Amino acid sequence: MNIISTLTLRHLLGNKKRSIVTILGIAASTALISAIVLGVFSFFKFFGLLAIQTEGNVHARFSEITHEQYVSLKEDKRIASVGICDAEEKITGVRLLNDKEDRFRIGNIDHVDNGYLSMGVVADYDGVLPKNSSEIAVEEQFLIDNGLDDLKIGDSLTFDQGYRYIDNGLEDFAYLAGNYRSDEQFKAESTETCTVTAILHGNRPTGNWDILRGMDDDYFPEKAQVLILLKKCDHTAIKQLNSITAEYGIDKCEYNTEYLISCFAFEDSSGSYKAFFAMMAVALAIVIATSIILIFNSIGMSLTERMRYLGMLASVGATSKQKRFSIYYEGIVLGGIGIPLGLLLGYIGTKMTLAVLGKKILEADLLAGAEGMSGGIPVVCNHYVIAAIVFFAALTIFVSSFIPAIKASKVMPIEALRQNNVVKVKARSLRVNPLIGKIFGYEGELAYKNLKRNGVKGKVITATLAVSVILFLTTNFFCNSLARANKFEIDIPYQIVASCSLSESDRLRSDISKIEGVDNVYSASMIQFWFNKAPDSTTELANTDIADPKFLLPGFADISLAGMAVCIVDDKDFDRILEDNGLDKSAYYGDTLRGVLLNDFFHERKSSEVFNDGIIGQVLHYDNAMGNPPAIEISGLVKYDENNRILNLAPKNGIEVFVPASMYYDKAKEVLPEDKLTVDLGVETSKHKEVHDKIYSILENYGYHNYYCADIADSLQIFDTVTLILKTAMYGFTILLTLIAIANIVNTISTGMLLRRKEFAMYKSVGLENSGFKKMIRLETLLYGIRALILGIPISLLLSYLMYSTFNSNLFIFNPDPVMYGAVTASVFGILGISMALSVNKIKNDNIIEVLKEDAV
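Notes on the structure follow. Chains are numbered independently. Their residues run from 1 in the order of the written sequence. Restriction of local features to residues with pLDDT of at least 70 applies here, the model being predicted, together with a cutoff of 80 or more for giving and counting side-chain atom pairs; totals for whole chains, interfaces and linings are based on all residues. Only hydrogens and water are set aside when side-chain values are computed; all heavy atoms of the structure are taken into account.

The subject of this paragraph is the overall build of the chain. Helix and strand assignments follow DSSP, with helices taken as H or I runs no shorter than four residues and strands as E runs no shorter than two, numbered in order from the N terminus. Of the regular secondary structure elements, the chain holds 24 helices and 22 strands. Relative to its 857 residues, the chain shows a buried fraction of 49%. Here, residues are in contact when the closest pair of their heavy atoms is within 4.5 Å. The contacts of the chain with a sequence gap of at least 6 include a subset with a gap of at least 24, amounting to 82%. Carbon together with sulfur atoms contributes 56% to the accessible area of the chain, which is approximately 40,700 Å² in total. Exposure is judged per residue with a 1.4 Å probe applied to protein chains only, and the accessible area is read against the type maximum: over 50% gives exposed, under 20% gives buried, and values in between give partly exposed. Exposure was quantified through the Shrake-Rupley algorithm and a 1.4 Å probe, taking into account, for residues, occlusion by the shown protein chains and nothing else.

Below, the discussion takes up the pattern of salt bridges. Definition used for salt bridges: Asp or Glu carboxyl oxygen within 4 Å of a side-chain nitrogen of Lys or Arg. Here the structure, examined in full by the defined rule, presents 17 salt bridges. Bridged by salt links that share partners, the residues Asp76, Arg78 and Glu247 form one connected network.

Only the six-membered ring of Trp is used, alongside the rings of Phe and Tyr, when aromatic pairs are assigned; centres must lie within 6.5 Å, and planes under 30 degrees apart are stacked while those over 60 apart are edge-to-face, with the rest tilted. Evaluated as defined, the whole model comprises 12 aromatic pairs. Summarising the aromatic geometry, the rings of phenylalanine 398 and phenylalanine 402 are spaced 6.0 Å apart at their centres and angled 50° between planes, so their arrangement reads as tilted. With phenylalanine 398 and phenylalanine 402 both in helix α11 (residues 383-409) and 4 residues apart, this pair spans about one turn of that helix. Exposure remark for phenylalanine 402: the relative accessible area of 39% places this residue in the partly exposed category.

Turning next to a negative patch on the surface. Nonpolar side chains (Val, Leu, Ile, Met, Phe, Trp, Tyr) are joined into patches within 5 Å and like charges within 9 Å, using only residues with over 30% relative accessible area and no salt bridge. We score Asp and Glu as negative and Lys and Arg as positive, and we do not count His or the chain ends. Every charge is mapped onto a representative atom, which is NZ of Lys, CZ of Arg, CG of Asp or CD of Glu. Together, Asp124, Asp126, Glu140, Asp149, Asp150 and Asp155 make up a negatively charged patch on the protein surface. Among the structural elements, glutamate 140 can be located in helix α6 (residues 140-145). Look at glutamate 140 and you get partly exposed, because its relative accessible area is 33%.

What follows is about a nonpolar patch on the surface. Nonpolar side chains collect at one region of the surface, where Phe391, Leu395, Phe398, Val399, Phe402 and Ile403 lie side by side and expose about 530 Å² of accessible area between them. Position of isoleucine 403 relative to the elements: it lies in helix α11. With a relative accessible area of 43%, isoleucine 403 lands in the partly exposed category.

On to the nonpolar core. Across soluble globular proteins, nonpolar side chains have a tendency to be buried as a group. Take the buried residues of types Ala, Val, Leu, Ile, Met, Phe, Trp, Tyr and Cys, join any two whose side-chain atoms come within 4.5 Å, and each joined set is a nonpolar core. Among the nonpolar cores identified, the biggest contains 55 residues, and Met564, Phe611 and Ile695 are the most heavily contacted of them. Among the elements that take part in this core, helix α17 (residues 661-668) stands out by supplying 5 residues, more than any other. With residues near it in sequence (within four places) discarded, phenylalanine 611 still touches Phe551, Leu552, Leu553, Leu561, Met564, Leu597, Asn599, Leu637 and Ile655. Membership of the second largest hydrophobic core comes to 43 residues, among which are Ile23, Phe43, Phe44 and Ile327.

Okay, unusual backbone geometry next. Despite not being glycine, glutamate 64 has its phi angle at roughly 55°, a positive value. Position of glutamate 64 relative to the elements: it lies in the loop between β1 (60-63) and α3 (67-75). Relative accessible area serves as the criterion here: at 57%, glutamate 64 is assigned to the exposed category. Despite not being glycine, asparagine 706 has its phi angle at roughly 50°, a positive value. Inspection of the secondary structure assignment puts asparagine 706 in the loop between α18 (688-701) and β22 (708-711).

Here we take up the sheet that holds strand β13 (residues 496-501). At least two bridges found by DSSP between two strands are what make those strands a pair. Ordered in space as β14-β21-β13-β22, the 4 strands form an open sheet in which the pairing is antiparallel. Edge positions in the sheet fall to β14 (518-523) and β22, since each of these pairs with one other strand and no more. The sheet shows a mean angle of 20° between the axes of neighbouring strands, direction not considered. As paired strands, β14 and strand β21 (residues 678-685) are joined by 5 bridges and run antiparallel to one another. Paired with asparagine 520 across the two strands is glutamate 684, which belongs to β21. Between the N-to-C directions of two axes lies an angle of 0 to 180 degrees, each axis being a line fitted to C-alpha atoms and, for a helix, fitted only over the stretch in contact.

The subject of this paragraph is the environment of glutamine 240. By secondary structure assignment, the location of glutamine 240 is in helix α7 (residues 237-248). On the basis of relative accessibility, which here comes to 15%, the residue glutamine 240 falls in the buried class. In terms of polar contacts, glutamine 240 uses its side chain to reach the backbone carbonyl oxygen of lysine 232, at 2.9 Å. As used in this structure description, the phrase polar contact means that two N or O atoms lie within 3.5 Å; if the pair is within protein, one of them must be able to donate a hydrogen and the other to accept it, and residues adjacent in sequence are counted only when both atoms belong to side chains.

Let us now look at the sheet that holds strand β15 (residues 525-530). If you trace the 6 strands from one edge of the open sheet to the other, you get β15-β16-β20-β17-β19-β18, paired in mixed fashion. In this open sheet, the two strands that pair with only one neighbour each are β15 and β18 (619-620). Bridging between strand β17 (residues 594-598) and strand β20 (residues 656-660) involves 3 bridges; their strand directions are antiparallel. Bridge pairing links leucine 598 to glutamate 656 in β20. Along the sheet, helix α16 (residues 571-580) makes contact with β16 (563-569), β17, β19 (632-638) and β20, crossing β20 at roughly 120°. In the packing of α17 onto the sheet, the strands contacted are β15, β16 and β20, and the crossing angle to β20 comes to about 85°.

Contact geometry for helix α1 (residues 3-14) and helix α2 (residues 16-55): axes closest at 5 Å, N-to-C directions at 95°. Between α1 and α2, the angle falls in the class roughly perpendicular. Taken together, the residues of α2 that come into contact with α1 (itself represented by His11, Leu12, Leu13 and Gly14) are Lys16, Arg18 and Ser19. Its residues assigned to classes, the contact of α1 with α2 comprises 2 nonpolar, 3 polar and 2 charged. In what follows, roughly perpendicular refers to angles from 65 to 115 degrees, roughly parallel to angles under 35, roughly antiparallel to angles over 145, and oblique to any angle outside these ranges. Residues are grouped as follows: nonpolar covers Ala, Val, Leu, Ile, Met, Phe, Trp, Tyr, Cys and Pro; charged covers Asp, Glu, Lys and Arg; every other residue, Gly included, is treated as polar.

Our focus in this paragraph is the pairing of strand β7 (residues 156-166). In terms of burial, β7 is a largely internal element, 9 of the 11 residues being buried. For strand β3 (residues 93-96) and β7, the ladder comprises 4 bridges, and the chain directions are antiparallel. By the bridge assignment for β7, glycine 93 is matched with glycine 162. One ladder, built from 10 bridges, connects β7 with strand β9 (residues 185-200); its direction is antiparallel. Bridged to phenylalanine 159 within β9 is glutamate 192.

Right, let's get into α7. Note that an α-helix has 3.6 residues per turn; residues three or four places apart therefore point the same way. A helix is expected to reach a length of 1.5 Å times the quantity of its residues less one. For α7, spanning 12 residues, the distance from its first C-alpha to its last is 17 Å, which sits close to the expected 16 Å at 1.5 Å a residue. For α7, the full list of buried residues reads Ala237, Ile238, Gln240, Leu241, Ile244, Thr245 and Tyr248. Buried residues of α7, seen end-on, are gathered within an arc of 160° and therefore sit on one face of the element. Along α7, the residues that are exposed and aim more than 90 degrees away from the buried face are Lys239 and Ala246. Those residues of α7 that are buried lie in contact with β1, α3, β2 (79-86), β11 (224-230), β12 (252-255) and α8 (257-262). Where α7 terminates, the next one or two residues include glycine 249, which has phi positive at roughly 65°. By arc we mean the arc of the directions from the helix axis to the C-beta atoms, nothing more.

Summarising the element assignment, valine 287 is placed in helix α9 (residues 271-315). When its relative accessible area of 0% is taken as the criterion, valine 287 is described as buried. Spatially, the C-alpha atoms of valine 287 and alanine 28 are 9.4 Å apart, while their sequence positions differ by 259 residues.

Printed below as a string of structure tokens:
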């Protein structure tokens, strides 16, 4: 170890407090970087695993494939496996020949070959998968529901094969799949008897199919759908798939995007993934920027203290390279301790966070494919991840050390020994505005001159405060923007929705109200008027006049009105909305169906109005009135009230119109067959599972028609969990950054004050009283805070606006929080005052003569 390294280590040991603070800052920075990188990598790998559980061990799905294309895919050397299924709708329905209710014995059947089965069946099963059309694999739950628990491998099963459909006379004929509907019909095309060769135990990729029927080798379906598995699935996977589809002229394709993303194949990824990585980059940039300021300040203060000995080294022949190495070596030593410590803390923190949040996620069945899983999300940590974390942490230290190292290399012996390079200020720069003296007195003039004389040290303190303000406010705006754009934050007040024919709705409401555990029952029906449609859709659209941009306020001028939701609520609930907004209810119970528009997009305490008064009088309607919902005139605008649960029937980030149920159904009978009208009832209960089962039993056994019942409590829990994850990440991130920023400020000020001990001793030696000294320090604090806020607040507003521009499609209006800006202003002066007071307290008992005699701090 050479003399430069020895002296650097000795200096670090001689300033243990600052060295420890710097190491902790590096550790905190590395821990945050670790949490971001480890968390993202672990989530991606976990999502990749779930993608297999959900979609199968599949990389792409192709539809409407010809025999020629199929043969080409089979021969392609880039493809490891090809599977095929028959997508003809007329053979996708199945009905068992027993006396069970239709909702149990009617299901779905898929016709697939061996390759399809090998990729699509990823769960446990008994027996062997079917190899030809005389063999089938059956889901265990389908057998249990139909009382066939004792059916064994090798037994035969007879069933009707055909299709499920619905034809209500108002819409086009539609094939059905998925869950059973009470108004559906079944058309049998043939009766089949097959041998059961496998019993599946909840295979998620084929979860919509109760029976999987094999396919003969020489059979190629007219409507063929193909699955493929690449031999090499890495970051080039999407490029390979694009090449395959282009080469063979395949028009309809669907990629297993979640799995491909877990392999870091990002080409042509959707905007959501790009936005996600943009947010990750912003988070990393904020962490690195905050850390650079902290480490830069510490090394800069260290350089100031070491000027004299660096000058001495230069005087005895130390080269610029050796002096520069001294600073880099300090960074290496501090990083050598801080980075491993940060890696350990980051790993522990990430493991604990993923364990807690992962458990919450899995309990909520938030992730498709993770149903029934327990525990947390495992932390995936390989050498690539470690290398990335170390790289970012080392880059932070290097950038922080670069400028001090350059300055150290330029230290000249005479200037360093005289210390005249620490403060370089011309006399005219110390001129004080007379107004300062008149307002604050002589101490104010001293405080102002001190800021000028402190030169680099004063600028460092100001820059530290300003950057801390900027980082906190921009991070806060970033977090608030994420929360506002979070479409998963849904506050629907009911836990169960039950539906039946209009004529039976009062009876059902009465029956549900009598169930033990039911707290409230009310109308929760909702219909949608659409103004835009998909290219292949044949759905009739409502009038688009109401979507005219002239009705929008400037802040929402860019909003795309794809549709409006109409909430049909009980008359008493509608009357409360009118009363709360000072509207006359007599105008809403006449010959015309009128409603009120909830003019608040984000459902926050602070209003976010979308429309101007010009929209009042506009009508939601279809050109063809018959067979469509009745026309609704918008007759008033109402404000959001968080205390009125009815206003939460529709989630935020949407446009909702509320109408009274009595008026709506009277008008609906004029354009729709009364026997086709249904009513949705929202049921509030704390015992959602028990109440759901009782309601379903009532619907089945008491002669109800067109009924439906769903327990949405678990879905709401999913939304709550997503919101919890976002808030945990956002506020945890903000708190850690705030702690780093505060440590940065305290470290900078305390070191700066200690470096000024001689200066303070000199003031006292010429008669500055203790009260005057304290006043001077307080005024310095005030001036530092004002200068920092003058820099920090405008820059934070600018950066927040730039962030807002990237969120523009979801936020629409730029709305920074003035309360937070006020809190930050108060916090700046509070932290400054406390830091100054603590620092002054350390030197208040200094002996003037002894301090003036010191050569160095």
